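Coordinate inspection notes
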Amino acid sequence: MKRSLTLDSGQVLSYEDSGAPNGRSPVLFFHGTPGSRLQLKLLPAALRDGLRWITFDRPGYGASDRQPELTMTEVAAMGEVLVNRLGLDAFHVLGFSGGGPYALACAYAMPERVRSVHLAGSPGPAELPEIWSVLRRQDHAFFTLVRRAPWLFRALLRLRMGGVRQKPEHFVAQLAAKMSAGDQSLLAAPDVLAKLCDDLREALRQGTAGMADDFAVLNRPWPFRLEDIRVPVHIWQGAQDQVTSPQIGSAIAAHLPAAQFHLLESGSHTLLLTHATEIRTEIQDVSMFKSRC
């Protein structure tokens, strides 16, 4: 059920608080790009059941007010306001795809409260040479466009995403065509497709401005160093992922002091759906260990 809170700035933040209300392992979930709080419904029962899940629409998505020019850490700080409001002292963080960098920003800002971070198909800071070198030529052009001609990028994004709210299944089909065979099969499943379409409609409720803001944040230099994150980080990477290269996940892990790199040979970009049991086990194991300490 959608809920909302008003930030000190007067802006409204829309969020979802679901699952086991007294669960020992609350998880703060950062949705992908584009996306909304409804993306949480895509997670299978093997991952969701028995845990308390909290997520929010990033500014400009869904029902959250747009707030342009925010930094990655400022967006993550909204997660801190939310968990404070809910009275959570400690929690896990999970970031899917474009939500991954925000999950890391959250751990950087709240190392004493974040028990563990889980990244699924996350991008990394393009400033790292080993990440920039594995990005495709079109990715390099995209970064350049977002940084040097944001007005043109926003105009092109409006054209590209025009009509997606009316026929999101067409956008999903175009996206799937660039992904692995496993992703294509999964995204064509009626239940998954219906939930994904609902998420896209909600994400673009206010138009494409929030999505453009999100891309702008993700394409700027990150406001923290990976080496300064002391929280345990699990990097979940599909070997068959054609959206985020496995080399990116490996590079992120190499710069984090407490990282575990999980390369899933059969996994692709939708590994949150296909490898939910493995991820759930790691979250549960960390929670049990912390509770004994």
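Here the structure is a predicted model, which means the values were calculated and not measured. (Residues numbered from 1 in each chain as written. Predicted model: local features only at pLDDT ≥ 70, side-chain atom pairs only at ≥ 80, totals over all residues. Heavy atoms only, no water.)

**Observations concerning the sheet that holds strand 7 (residues 233–238)**
With respect to topology, eight strands assemble into an open sheet ordered 1-2-4-3-5-6-7-8, the strand pairing being mixed. On the outer flanks of this sheet lie strand 1 (2–6) and strand 8 (259–264), each paired with one strand and no other. Going from strand to strand, the sheet's axes swing by 25° on average, the running direction of each strand aside. Of the strands in this sheet, strand 1, strand 2 (12–19), strand 3 (27–30), strand 4 (52–56) and strand 5 (91–96) touch helix 2 (residues 72–85), which is tilted by about 135° from strand 4. The sheet contacts of helix 3 (residues 100–109) involve strand 3, strand 5, strand 6 (114–120) and strand 7, and relative to strand 6 the element is tilted by about 165°. (Pairing = 2+ DSSP bridges. Helix = DSSP H or I, 4+ residues; strand = E, 2+ residues; numbered from the N terminus. Axes fitted to C-alpha atoms, helices over the stretch in contact; angles between N-to-C directions. Contact = heavy atoms within 4.5 Å.)

**Observations concerning the side chain of E202**
Structurally, the position occupied by E202 is in helix 9 (residues 190–203). Polar side-chain contacts of E202 include one of 2.9 Å to the side chain of R37. Ignoring anything within four residues of it in the chain, the contact list for E202 reads S36, R37, L38, D57, Y61, G62 and A63. (Polar contact = N/O pair within 3.5 Å; in protein donor to acceptor, adjacent residues only side chain to side chain.)

**Thoughts on the pattern of salt bridges**
Two side chains of opposite charge can pair, provided their charged atoms sit close to one another. Following the criterion strictly, the structure yields 17 salt bridges and no others. One salt bridge in this structure joins R66 and D213, with 2.6 Å as the shortest N-O distance. With R66 in the loop between strand 4 and helix 2 and D213 in helix 10 (residues 209–219), the pair connects residues that are 147 residues apart, well separated along the chain. For R66, a relative accessible area of 35% puts it in the partly exposed group. The partner of E227 in a salt bridge is R225, with the nearest N and O atoms 3.9 Å apart. With a relative accessible area of 26%, E227 lands in the partly exposed category. A single network of salt bridges, built from pairs that share partners, joins E16, R37, K41, D57, E202 and R205. (Salt bridge = Lys/Arg side-chain N within 4 Å of Asp/Glu carboxyl O. Buried < 20%, exposed > 50% of the residue type's maximum accessible area, 1.4 Å probe, protein only.)

**Description of the nonpolar core**
Core analysis: the biggest nonpolar cluster contains 48 residues, and L104, C106, V114, V117, L226 and I229 have the highest contact counts within it. With near-sequence residues (within four places) excluded, C106 lies in contact with L28, F30, A76, F91, V93 and V114. (Core = buried A, V, L, I, M, F, W, Y, C linked by side-chain atoms within 4.5 Å.)

**Looking at the environment of Q11**
Residue placement: Q11 occurs in the loop between strand 1 and strand 2. With relative accessibility at 25%, the residue Q11 sits in the partly exposed group. C-alpha separation for the pair Q11 and S64, spaced 53 residues apart in sequence, amounts to 7.8 Å. Setting aside residues no more than four positions away along its own chain, Q11 makes contact with L5, T6, D65, R66 and Q67.

**Quick word on a nonpolar patch on the surface**
Where nonpolar side chains cluster on the molecular surface, the patch consists of W151, L152, L156 and L159 and spans about 460 Å² of accessible area. The residue L159 is located in helix 6 (residues 150–161) in this model. (Patch = residues over 30% accessible without salt bridge, like charges linked within 9 Å, V, L, I, M, F, W, Y side chains within 5 Å. Areas by Shrake-Rupley, 256 points an atom, 1.4 Å probe, with all protein chains shown as cover.)

**Some points on the packing of aromatic side chains**
Following the criterion strictly, the structure yields eight aromatic pairs and no others. Ring centres of F30 and Y102 lie 6.4 Å apart, and the angle between their planes is 15°; on these two criteria the pair is classed as stacked. Highlighted residues: F30 in strand 3 and Y102 in helix 3, separated in sequence by 72 residues. With respect to class, F30 is no different from Y102; both count as buried. Taken together through their ring pairs, the aromatic side chains of F30, F56 and Y102 make up a single cluster. (Phe/Tyr/Trp six-rings, centres within 6.5 Å; stacked < 30°, edge-to-face > 60°.)

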